[in-house]
Amino acid sequence: MPDPNGFLRYDRRLPARRPVPVRIMDWREVYPPAGEELVREQATRCMDCGIPFCHDGCPLGNRIPDWNDLVRTGNWDAAVESLHATNNFPEFTGRLCPAPCEAACVLGLGGQQPVTIKQVEVEIADAAVARGGLRPRPVPAPTGRSVAVVGSGPAGLAAAQQLARAGHAVTVYERDDALGGLLRYGIPDFKLEKQHIDRRLAQLAAEGVRFRAGVNVGVDVTAEELRAEHDAVLLACGALAGRDTPETPGRALRGVHQAMEHLVAANRVVAAVGDGNPALAVLPDGTLIDAAGKHVVIIGGGDTAADCLGVAHRQGAAGVHQLDLYPQPPRGRDEERDPWPTWPWILREYPAHEEGGERVFAVAVQEFVDDGTGAVRAVRIAEVTVEKRDGRRIVTALPGSERELPADLVLLAIGFEGTEEQPLLDQLGVARNPRGAVDARPDWQTDVDGVFVAGDMHRGASLVVWAIAEGRAAAAAIHAYLGGVGSLPAPVEPAAQPLAAR
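Computed from a prediction, not measured in an experiment: that's the story for all the values here.

Novice: Just checking my understanding: could you explain the sheet that holds strand β1 (residues 146-150) for this structure?
Specialist: The pairing of strands in a sheet happens through backbone hydrogen bonds and is either parallel or antiparallel. Taken in spatial order, the five strands line up as β3-β2-β1-β4-β14 in an open sheet, and their pairing is parallel. In this open sheet, the two strands that pair with only one neighbour each are β3 (210-213) and β14 (451-453). Along the sheet, successive strands turn relative to each other by an average axial angle of 20 degrees, direction set aside. Here β1 runs beside strand β2 (residues 169-174); their pairing, made up of five bridges, is parallel. From the neighbouring strand, S146 faces β2, where its bridge partner is A169.

And the structure:
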């Protein structure tokens, strides 16, 4: 029985972040562990509502009131089991997910601050490690069926774990030199230290999953070879084709890069230093892409832009401007625009924003300015208005509002255009749709029988929690396709969408 007065007795509180002057000197996570007293206090605020809308905000269907109450009563082992019943990797979601479950918390309906669901989740996940490690689960007798998973991000790894635990032989193929997909080289360590990925990979390996890193399927292994070796194939290659702005004058200047180029280079440096190998942040062709001593302009207002901001601070940028096309959002939910329990458009301030830099809203870049040698020296921006007409975005610059910002390094963090073009798709006969994603039938198969798709490759760039949910659902479909005994949990269907006002 939950504490019916918990939300009245306790206010929402999060653990204090590490001090800015300290944390920008290293790449460790921003948040220190919360004390048990604070976590139990916050879990006590959960009311175990008659209709817990947090379940609907979370595509995984996490049993949030259940594990909140287990934490409240100090039953940590049961809380670990309850959390893992629906989520393969809560240490990832607890650190990276923006928590649509909290936006759907019933406390928000009454004007209260929502339960700190995400914080409680990550503390339970860390408790699992502290209380005995991530022990492998017993795997049943082999089914004799084999599955190839292409891509080792959260969708691919979730599917691999589910299928291995059902007795199938699973091989995960990853083109990078290390496993983890976007989590490995796309997410900075100050948000997700890579030890969390390594622990899960060790658990999956102990459960029988085979990993082949540094293998570009479609190049090093052909689709024909893949299909000959495996009974089913899951495509989970992500959506890494970055949106560009080729029509903007000066786009070809040196110093103008896609955001992911910057993040990947920085993460590779951190990984190399951790292995005792000094390195520079460079592109594959050797071009330096370090922010040290530079004036940096980040174009975009989302998670990727904030990641670039935090990286620029730690690399020692001389100054940073972050540009957003849209006006500054309100700090609180606009019930007419985004009624509870939908995801609200509000001003989101990431830890990187308190570390420095300036955010500029309602502006658009008109030109990347040449320094006379083919390198960028500034960006010319103008104030703009944005409106939607017939589903199209119309951006109008305000006359006389143009000005320049100094820029030695410009990072484009303006979204993604879907999964990348790659030989594997052509070899399989799988096409990308107009959004750059790969469509799935209701059983998660592509138009090619025996070839399934999940995660960002299917959905487009989305949240880690959706990737895990789709990986679990695709695994259930593959298990059924292979004639597996019983059924696996399938939290979402291919056409599932986040909560939205109709």
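From this point, the discussion proceeds with the structure in view.
Novice: Which parts of the structure should I look at to understand helix α3 (residues 36-44)?
Specialist: Every α-helix carries 3.6 residues per turn, so stepping three or four residues along brings you back to the same face. Among all positions of α3, only L38, V39, E41, Q42, A43 and T44 are buried. Contacts made by the buried residues of α3 are with α1 (6-9), α5 (64-72), α6 (76-84) and α9 (117-130).

Novice: Can you help me understand helix α12 (residues 195-206) in this one?
Specialist: Relative to the 16 Å expected for twelve residues at 1.5 Å per residue, α12 spans 17 Å between its end C-alpha atoms, a close match to the ideal helical length. Those residues of α12 that sit buried are H196, I197, R200, L201, Q203 and L204. Across the axial projection of α12, the buried residues extend over an arc of 160 degrees, all falling on one side. G208 occupies a position one or two residues after α12 and carries a positive phi of about 105 degrees.

Novice: It is not clear to me how the pairing of strand β6 (residues 295-299) should be interpreted in this structure. Could you clarify?
Specialist: Buried residues dominate β6, accounting for four of its five residues. Where β6 and strand β7 (residues 319-324) come together, five bridges link them in parallel fashion. Bridging from a neighbouring strand, V296 pairs with V320 of β7. Running through helix α15 (residues 303-315), the crossover from β6 to the neighbouring parallel element β7 is right-handed. Direction of pairing for β6 relative to strand β13 (residues 409-412): parallel, over a ladder of four bridges.

Novice: Help me understand the layout of surface pockets in this model?
Specialist: If a probe the size of a water molecule is rolled over the atoms, the empty space left behind becomes visible. Taken as a whole, the second largest pocket holds about 290 Å³ of empty space. Together, 17 residues line the second largest pocket, and V80, E81, H84, G133 and R135 are the ones closest to its centre. Of all the elements, α6 adds the most residues to the lining of the second largest pocket, at four residues. Residues of the lining of the second largest pocket, tallied by class, amount to five nonpolar, five polar and seven charged.

Novice: I tried to follow a nonpolar patch on the surface on my own but got confused; where do I start?
Specialist: A grouping of L280, V282 and L288 is seen on the molecular surface, where their side chains present a nonpolar patch of about 270 Å² in accessible area. Within the fold, L280 resides in the loop between α14 (259-274) and β6. Judged by relative accessible area, L280 falls into the exposed class, the value being 62%.

Novice: Can you walk me through the packing of aromatic side chains in this structure?
Specialist: One pair of aromatic rings is described through two measures. These are the centre distance and the angle between the planes. Overall, the coordinates contain four aromatic pairs when judged by the stated rule. Ring geometry for W27 and F190: centres 6.4 Å apart, planes at 25 degrees, overall stacked. Highlighted residues: W27 in the loop between α2 (20-23) and α3 and F190 in the loop between α11 (182-185) and α12, separated in sequence by 163 residues. The exposure class of W27 is partly exposed, given its relative accessible area of 24%.

Novice: It is not clear to me how the environment of P489 should be interpreted in this structure. Could you clarify?
Specialist: Assignment of secondary structure puts P489 in the segment after α18 (464-481). Here the alpha-carbon distance between P489 and A158, two residues 331 residues apart in the chain, equals 12 Å. P489 has contacts with Q162, R472, A473 and A476, leaving out every residue within four places of it along the chain.

Novice: Would you take a moment to explain the pattern of salt bridges for this structure?
Specialist: In a structure, side chains of opposite charge can pair up when their charged atoms sit close to one another. Tallied over the entire structure, the rule returns 34 salt bridges. Residue R131 pairs with D77 through a salt bridge whose shortest N-O separation is 3.0 Å. One end of the pair, R131, is in the loop between α9 and β1; the other, D77, is in helix α6, with 54 residues separating them in the sequence. Accessibility expressed as a relative area gives 44% for R131, which makes it partly exposed. The class of D77 is partly exposed, set by a relative accessible area of 46%. Here R175 makes a salt bridge to E420, at a shortest N to O gap of 2.5 Å. A residue pair is termed long-range when its members are at least 10 positions apart, and R175 in the loop between β2 and α11 and E420 in the loop between β13 and α16 (423-428) qualify at 245 residues. Relative accessible area serves as the criterion here: at 25%, E420 is assigned to the partly exposed category. Each of the salt bridges in this network shares a partner with another, and the network as a whole consists of R17, R23, R314, E354 and E355.

Procedures and definitions
- Residues numbered from 1 in each chain as written.
- Predicted model: local features only at pLDDT ≥ 70, side-chain atom pairs only at ≥ 80, totals over all residues.
- Heavy atoms only, no water.
- Pairing = 2+ DSSP bridges.
- Helix = DSSP H or I, 4+ residues; strand = E, 2+ residues; numbered from the N terminus.
- Axes fitted to C-alpha atoms, helices over the stretch in contact; angles between N-to-C directions.
- Buried < 20%, exposed > 50% of the residue type's maximum accessible area, 1.4 Å probe, protein only.
- Contact = heavy atoms within 4.5 Å.
- Expected span 1.5 Å × (residues − 1).
- Arc of directions from axis to C-beta.
- Right-handed = clockwise from strand over helix to strand, strands pointing away.
- 1 Å grid on protein atoms, 1.4 Å probe; cavity = no way out; pocket = protein on both sides within 12 Å on 5 of 7 lines; lining within 4 Å.
- Points joined across faces, edges and corners; volume = space filled by probe spheres on them.
- Nonpolar A, V, L, I, M, F, W, Y, C, P; charged D, E, K, R; others polar.
- Patch = residues over 30% accessible without salt bridge, like charges linked within 9 Å, V, L, I, M, F, W, Y side chains within 5 Å.
- Areas by Shrake-Rupley, 256 points an atom, 1.4 Å probe, with all protein chains shown as cover.
- Salt bridge = Lys/Arg side-chain N within 4 Å of Asp/Glu carboxyl O.
- Phe/Tyr/Trp six-rings, centres within 6.5 Å; stacked < 30°, edge-to-face > 60°.

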